[in-house]
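Analysis of the macromolecular model
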Amino acid sequence: MKTTPLHLALIGDYNPEVIAHQAIPLALQQAADMLNLTVHVQWLDTDALPESLHGFDGFWCVPASPYRDSDGALRAIRFAREHKRPFLGTCGGFQHAVLEYARNVLGWADAEHGELAPNAKRAVITPLNCALVEATENVRLVPYTRAAEAYGGLDLNEGYRCRYGINPECLNALLQGDLIASGHDCTGDVRAVELLNHPFFVATLFQPERAALKGITPPLAIALLKACQTVSA
């Protein structure tokens, strides 16, 4: 496996006041220390992405959307998906991973995010029935998924700061191919998805990075770095 430093891109518009933005670098450092790795983390603003993304071993699309440039976020997600680079999306990253898949895999050119286009005919991301702002919620993972493998169990309690999720009217069509649901809340609503036939492509509506602020290394941060190490070996 690769022993030279890993290079990880954080896709999102950095804001030091955002809890997730405080937590993610800490989560990655904790995971790197646990794995005895050196990881160089670079924030990439959505409106200032470099022309080439080939220099990055993995990607994390972070919370705090709407982004300044949604298309920039979608370009980075598409790169990670098509080039088989390990990818983690949390909160806004989850929403945009689903949107990118709808547009570029399913061919839904009119797919939109309801926060950006509330009157769109095909909004694949719409307001949650109950907003999850500074809330915690039980999540049940699907066995044998990447998420379940990372956590080593199926039952979680995770934190959120989120108002949007997958439009229930689009759900069945979204999950007809390689995109699968890997986690649900207690009512059965999707809280995590991942891609089949990809080394590591996981997205969660919850924010697992928050655990790092309590001194707990998030399992998905460990899994992301392990995948980067394996893919780039």
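Attention in this report is confined to the structure presented alongside it. No experiment lies behind these values; they were computed from the predicted model shown. (Residues numbered from 1 in each chain as written. Predicted model: local features only at pLDDT ≥ 70, side-chain atom pairs only at ≥ 80, totals over all residues. Heavy atoms only, no water.)

1. A look at the overall build of the chain
As a reminder, the rule being used: Per the convention used, a helix needs a DSSP run of H or I reaching at least four residues, while a strand needs a run of E reaching at least two, with both numbered from the N terminus. Computation of the radius of gyration draws on C-alpha atoms, with the globule rule given as 2.2 Å multiplied by the number of residues to the power 0.38. Three labels apply to residues, based on accessible area from a 1.4 Å probe with only protein chains included: buried if under 20% of the type maximum, exposed if over 50%, partly exposed otherwise in between. Throughout, a residue-residue contact means that at least one pair of heavy atoms, one from each residue, lies within 4.5 Å. All accessible areas in this document rest on Shrake-Rupley with a 1.4 Å probe, and a residue is counted as covered only by the protein chains that are shown. We treat Lys and Arg as the positive residues and Asp and Glu as the negative residues; His and chain ends play no part in the count. Positions of charges follow a simple convention, taking NZ of Lys, CZ of Arg, CG of Asp or CD of Glu.
From N to C terminus, the chain includes six helices and 10 strands. Taking 2.2 N^0.38 as the reference for a compact globule, 233 residues should give roughly 17 Å; the C-alpha atoms of the chain span a radius of gyration of 16 Å, in line with that estimate. Seen through its C-alpha atoms, the chain measures out along the principal axes to roughly 50 × 40 × 35 Å. Expressed as a percentage of the 233 residues in the chain, the buried residues total 52%. Counting only contacts in the chain whose residues sit at least 6 apart along the sequence, the fraction spanning at least 24 positions is 70%. Carbon and sulfur atoms form 48% of the exposed surface of the chain, whose accessible area is close to 10400 Å². Across the chain, the centroid of the 18 positively charged side chains sits 3 Å from that of the 25 negatively charged ones.

2. Side note on unusual backbone geometry
In this model, serine 65 is joined to proline 66 through a cis peptide bond whose omega is 10°. As for its placement among the helices and strands, proline 66 is situated in the loop between β3 (58-61) and α2 (70-82). One non-glycine residue, cysteine 91, adopts positive backbone phi at about 60°. With respect to the helices and strands, the residue cysteine 91 is situated in the loop between β4 (87-90) and α3 (92-104). Judged by relative accessible area, which is 5%, cysteine 91 ranks as buried. Of note in the backbone geometry, glutamate 134 takes a positive phi value of approximately 50° without being a glycine. The topology assignment puts glutamate 134 in strand β6 (residues 122-141). A relative accessible area of 42% places glutamate 134 in the partly exposed class.

3. Structural notes on α2
To keep things clear, this is the line we draw: An expected span of 1.5 Å times one less than the residue number is assigned to each helix. What qualifies as a polar contact is a pair of N or O atoms within 3.5 Å, subject to a donor-acceptor requirement within protein and to the restriction that residues adjacent in sequence count only when both atoms come from side chains.
Over its 13 residues, α2 extends 18 Å from the first C-alpha to the last, a length consistent with the 18 Å expected when each residue adds 1.5 Å. Regarding α2, the residues found buried are Ser70, Gly72, Ala73, Leu74, Ala76, Ile77, Phe79, Ala80 and Arg81. Where α2 is buried, its residues meet β1 (6-11), β3, β4, α3, β9 (190-195) and β10 (201-204). Two or three places before aspartate 71, at the start of α2, stands the capping residue aspartate 69, its side-chain oxygen 3.0 Å from that residue's backbone nitrogen. Taken from the residues just after α2, lysine 84 is the one with a positive phi, measuring 60°.

In short, the description is geometric, and any link to function would need to be established separately.
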